[in-house]
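What follows is the residue order along each chain.
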Amino acid sequence: MKRNYYLLTIICFLFLAACDKKKDRVFDESPTVRLNQSVANAQTILRSKPNGWIFQYFPGASAPYGGVNLFVNFTSAIDVNIQADYIEGNVTSSYKVYPGAGPILTFDTYNSVLDYFALPGARNGNQGPSDVGLGGDIEFLVVKASADSVILKGRKRNTTLVMVPVPGNAATIPALISNYRTSFNRFYNANSFRFVTASKTTAVTWGVFNGLLAGSNNYSFRPTDTGIDGFKEYTVDGITFKQLTYKAATSTYPNGYYANADESLKLVIL
């Protein structure tokens, strides 16, 4: 009996030792080392695109105000240049990536292009509530960083946002940004809209900033160089969509319109 007890003890010890070795193989580095590696990786990815990134930026929790495109170029370990579709010019400021709950990207000095969305409403032309304005984030958790996209989550509003590489090369960037600005102005300067399907027409009015309202429904779009892109999928009269392409003016639609692929749904510019 005693020999069986010793044998069982030895077996248990060997099993636990094997488990420890397996655990060691899975976690070769400490949590601090792994976090620092992820911070370094995020920094490397952000600086890896010489043309920069298109930051598909939607301010506010759950994006109630529509979105814009920020053209963000991390030109050094501390410097970032930002342009946008909603305003002319470009502004250079600083940023850093530091460890927190994961890699944290913060735009840590004032940049008027980005910080406009974080200003109180009393200081941004009364866009949004007087205290928080449009509720835009300037500090983000880096959820994922890869060559094809960077996924961010705002630290205050928890809105998930995406950056994608600017296409083309340095020579094509001015024309690309100009196209985005033309698209933004076309959308933003419209008086109002209406959704049109085969069976229904729905009036659409402006909410706050770039957000649209149709009855009790809020629609949040970001202008693109070809049309508009929704913060999420929306459904109108049974038709689900996210992206709509701009169509030039016709005799029926003198201000043009946005449409899905088969034009079963149109967002008509009034």
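Residues numbered from 1 in each chain as written. Predicted model: local features only at pLDDT ≥ 70, side-chain atom pairs only at ≥ 80, totals over all residues. Heavy atoms only, no water.

Draft legend 1. Broad picture of the overall build of the protein chain. The helix and strand tally for the protein chain stands at four helices and 17 strands. Out of the 270 residues belonging to the protein chain, those deemed buried represent 43%. Sequence separation of at least 24 residues holds for 47% of the intrachain contacts in the protein chain that already meet a minimum separation of 6. A total accessible area of about 14000 Å² is found for the protein chain, and carbon and sulfur atoms account for 55% of it. (Helix = DSSP H or I, 4+ residues; strand = E, 2+ residues; numbered from the N terminus. Buried < 20%, exposed > 50% of the residue type's maximum accessible area, 1.4 Å probe, protein only. Contact = heavy atoms within 4.5 Å. Areas by Shrake-Rupley, 256 points an atom, 1.4 Å probe, with all protein chains shown as cover.)

Draft legend 2. Broad picture of the environment of Lys-96. Note that Lys-96 resides in strand β5 (residues 96-99). On the accessibility criterion, Lys-96 (41% relative accessible area) is partly exposed. Each C-alpha atom of the pair Lys-96 and Asp-79 lies 8.6 Å from the other, and the pair is 17 residues apart in sequence. Ignoring anything within four residues of it in the chain, the contact list for Lys-96 reads Ile-104, Leu-105, Thr-106 and Asp-108.

Draft legend 3. Quick look at the packing of aromatic side chains. Within this structure, the stated rule accounts for 29 aromatic pairs. Here the guanidinium or amino end of Lys-96 rests over the ring plane of Tyr-98, the centre of that ring lying 5.6 Å away. Seen from the ring of Tyr-246, Arg-186 lies directly overhead, with NZ or CZ sitting 3.7 Å from the centre. (Phe/Tyr/Trp six-rings, centres within 6.5 Å; stacked < 30°, edge-to-face > 60°. Lys NZ or Arg CZ within 6 Å of the ring centre and 35° of its normal.)

Draft legend 4. Fine view of helix α2 (residues 31-46). Given a rise of 1.5 Å per residue, 16 residues ought to cover 22 Å, and the 23 Å separating the end C-alpha atoms of α2 matches this to within 8%. When α2 is considered as a whole, its buried residues turn out to be Val-39, Ala-42, Gln-43, Ile-45 and Leu-46. Viewed along the axis of α2, the buried residues span an arc of 165°, placing them on a single side of the element. (Expected span 1.5 Å × (residues − 1). Arc of directions from axis to C-beta.)

Draft legend 5. The sheet that holds strand β1 (residues 53-57), seen in detail. With antiparallel pairing, nine strands are arranged side by side in an open sheet as β4-β3-β2-β1-β9-β8-β7-β6-β5. Looking at the sheet topology across the chains shown, the edges are occupied by β4 (90-94) and β5. On average, adjacent strands in this sheet sit at an angle of 30° to one another, irrespective of strand direction. Where strand β8 (residues 150-154) lies against strand β9 (residues 160-165), four bridges are found, and the strand directions are antiparallel. Paired with Val-150 across the strands is Met-163, a residue of β9. The strands touched by α2 within the sheet are β1, β2 (68-74), β5, β6 (103-106), β7 (139-145), β8 and β9, with β5 carrying the most contacts at an inclination of about 165°. (Pairing = 2+ DSSP bridges. Axes fitted to C-alpha atoms, helices over the stretch in contact; angles between N-to-C directions.)

Draft legend 6. View of the nonpolar core. Phe-55, Tyr-57, Leu-70, Phe-74, Tyr-86, Leu-105 and Phe-107 are the most contacted members of the largest nonpolar core, which has 35 residues in total. Sorting the residues of this core by element identifies α2, β1, β2, β3 (79-84), α3 (112-115), β7, β8 and β9 as the ones contributing at least two each. For Phe-107, the contacting residues outside a window of four places in its chain are Val-72, Phe-74, Val-80, Ile-82, Ser-94, Tyr-95, Leu-114, Ile-138 and Phe-140. (Core = buried A, V, L, I, M, F, W, Y, C linked by side-chain atoms within 4.5 Å.)

Draft legend 7. Layout of the pairing of β1. Across the five residues that make up β1, a large majority, five, are buried. Taking every second residue as pointing to the same face, both faces of β1 are buried, with Trp-53, Phe-55 and Tyr-57 on one and Ile-54 and Gln-56 on the other. Sheet topology note: the β1/β9 ladder contains four bridges and is antiparallel. Residue Trp-53 lies in a different strand from β9, and its bridge partner there is Pro-165. The sheet contact formed by β1 and β2 spans five bridges and is antiparallel. Within β2, the residue paired with Gln-56 across the bridge is Asn-69.

Draft legend 8. Inspection of helix α4 (residues 173-188) at higher detail. End to end, α4 covers 22 Å across 16 residues, agreeing with the expected 22 Å (1.5 Å per residue, within 8%). Buried residues of α4: Ile-173, Leu-176, Ile-177, Tyr-180, Arg-181, Ser-183, Phe-184 and Phe-187, and no others. Seen end-on, α4 carries its buried residues on one side only, within an arc spanning 160°.

Draft legend 9. The side chain of Asn-51, seen in detail. Inspection of the secondary structure assignment puts Asn-51 in the loop between α2 and β1. Polar contacts involving the side chain of Asn-51 include one to the main-chain amide nitrogen of Ala-170, which spans 3.5 Å. What Asn-51 contacts, discounting residues up to four positions off in sequence, is Asn-73, Val-166, Pro-167, Gly-168, Asn-169, Ala-170 and Ile-173. (Polar contact = N/O pair within 3.5 Å; in protein donor to acceptor, adjacent residues only side chain to side chain.)

Draft legend 10. Main features of the sheet that holds strand β12 (residues 211-214). Taken in spatial order, the eight strands of this closed barrel run β10-β11-β12-β13-β14-β15-β16-β17, and their pairing is antiparallel. Neighbour-to-neighbour, the strand axes of this sheet turn through a mean angle of 30°, independent of strand direction. Taken together, the six bridges between strand β14 (residues 227-236) and strand β15 (residues 239-247) define a ladder with antiparallel strand orientation. Paired with Thr-235 across the strands is Thr-240, a residue of β15.

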